[in-house]
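Residue-level structural notes
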Amino acid sequence: MRGQNLAAGAVVIDPVSAFAIATGAYNAIKRGIEMGRELEDMGGQLGSWFGAVADVKAAEEEAKNPPLFRKLLYKGSVEQEAMQNLMRRKKIEQQEKELRELIVYRYGVDAYKDMIRDRMKIKETRTATEAAQRRKMRNFIMNSATVAAIVGLIGTLVAFIVGIVEKLRE
């Protein structure tokens, strides 16, 4: 459903929906903490929040170079879109600050730093995997095009030779 993979052609969720998902997950985490639930029990909500935030950022990146249909159909002003992006970014920054404080309070600064390091490693691994998949797909397409061109050339050459042989028989 979510589109964290822009380069590989995955569908990117719109920033408004992604922000709504992030806000819902954030609110669920806050309510859970207020009701005495342990942070460990809310790993799913934390994962949803981080995933939705990544989707918001990916959608904003896509908005920098939107597809033609979006350029033609978008009715809002540039200023309106910029303000909406700013407000989402600021709200996400505030949510992230509060979540960081919850994690640091429960597990300590080192645990938060470890989590951030792990996020970066996972992101780098995913980015490298996506790049490898794109490279494989590009190679497959190039190899397929090369084979098709060779087959076409051989077919043309055979047709040419057959035509010459038939002309010589006449």
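All figures in this text were calculated on a predicted structure; none of them were measured in a lab. (Residues numbered from 1 in each chain as written. Predicted model: local features only at pLDDT ≥ 70, side-chain atom pairs only at ≥ 80, totals over all residues. Heavy atoms only, no water.)

**So, the overall build of the protein**
Along the backbone of the protein there are five helices and zero strands. Listing each helix as α and each strand as β along the protein from the N terminus yields α-α-α-α-α. Sorting the 170 residues of the protein into buried and exposed places 22% on the buried side. Residue pairs in contact within the protein that sit at least 24 positions apart in sequence constitute 66% of those at least 6 positions apart. Accessible surface, the protein: about 12200 Å² in total, of which carbon and sulfur atoms supply 62%. (Helix = DSSP H or I, 4+ residues; strand = E, 2+ residues; numbered from the N terminus. Buried < 20%, exposed > 50% of the residue type's maximum accessible area, 1.4 Å probe, protein only. Contact = heavy atoms within 4.5 Å. Areas by Shrake-Rupley, 256 points an atom, 1.4 Å probe, with all protein chains shown as cover.)

**Looking at helix α1 (residues 15-34)**
For α1, with 20 residues, the first-to-last C-alpha span of 28 Å sits near the 28 Å given by 1.5 Å per residue. Among the residues of α1, those classed as buried are Pro15, Ala18, Phe19, Ala22, Thr23, Ala25, Tyr26, Ala28, Ile29 and Gly32. Within two residues after α1, Gly36 carries a phi angle of roughly 90°, on the positive side. (Expected span 1.5 Å × (residues − 1).)

**As for the pattern of salt bridges**
Throughout the structure, instances matching the rule amount to five salt bridges. Between Glu96 and Arg119 there is a salt bridge, and its shortest N-O distance comes to 3.8 Å. Highlighted residues: Glu96 in helix α4 (residues 78-107) and Arg119 in helix α5 (residues 109-169), separated in sequence by 23 residues. The exposure class of Arg119 is partly exposed, given its relative accessible area of 33%. (Salt bridge = Lys/Arg side-chain N within 4 Å of Asp/Glu carboxyl O.)

**Things to note about the nonpolar core**
Counting 19 residues, the largest nonpolar core has Ile29, Leu46, Trp49, Ile92 and Leu99 as the members making the most contacts within it. Those elements giving two or more residues to this core turn out to be α1, α2 (43-64) and α4. Dropping the residues within four chain positions of it, Ile29 is found in contact with Met42, Gln45, Leu46, Trp49, Leu99 and Leu102. (Core = buried A, V, L, I, M, F, W, Y, C linked by side-chain atoms within 4.5 Å.)

**Topic: a nonpolar patch on the surface**
Side chains of Leu157, Phe160, Ile161, Ile164, Val165 and Leu168 sit close together on the surface and give an oily, nonpolar patch of about 590 Å² of accessible area. As for its placement among the helices and strands, Ile161 is situated in helix α5. (Patch = residues over 30% accessible without salt bridge, like charges linked within 9 Å, V, L, I, M, F, W, Y side chains within 5 Å.)

**Things to note about the side chain of Arg88**
Tracing the sequence through the fold places Arg88 in helix α4. Within the local environment of Arg88, its side chain forms a polar contact with the side chain of Asn85, the two groups lying 2.4 Å apart. Contacts of Arg88, omitting those with residues within four sequence positions, involve Pro15, Val16, Phe19 and Glu60. (Polar contact = N/O pair within 3.5 Å; in protein donor to acceptor, adjacent residues only side chain to side chain.)

**Describing the environment of Gln84**
By secondary structure assignment, the location of Gln84 is in helix α4. Since its relative accessible area comes to 34%, Gln84 is described here as partly exposed. For the pair formed by Gln84 and Pro15, sequence separation is 69 residues and the distance between their alpha carbons is 9.6 Å.

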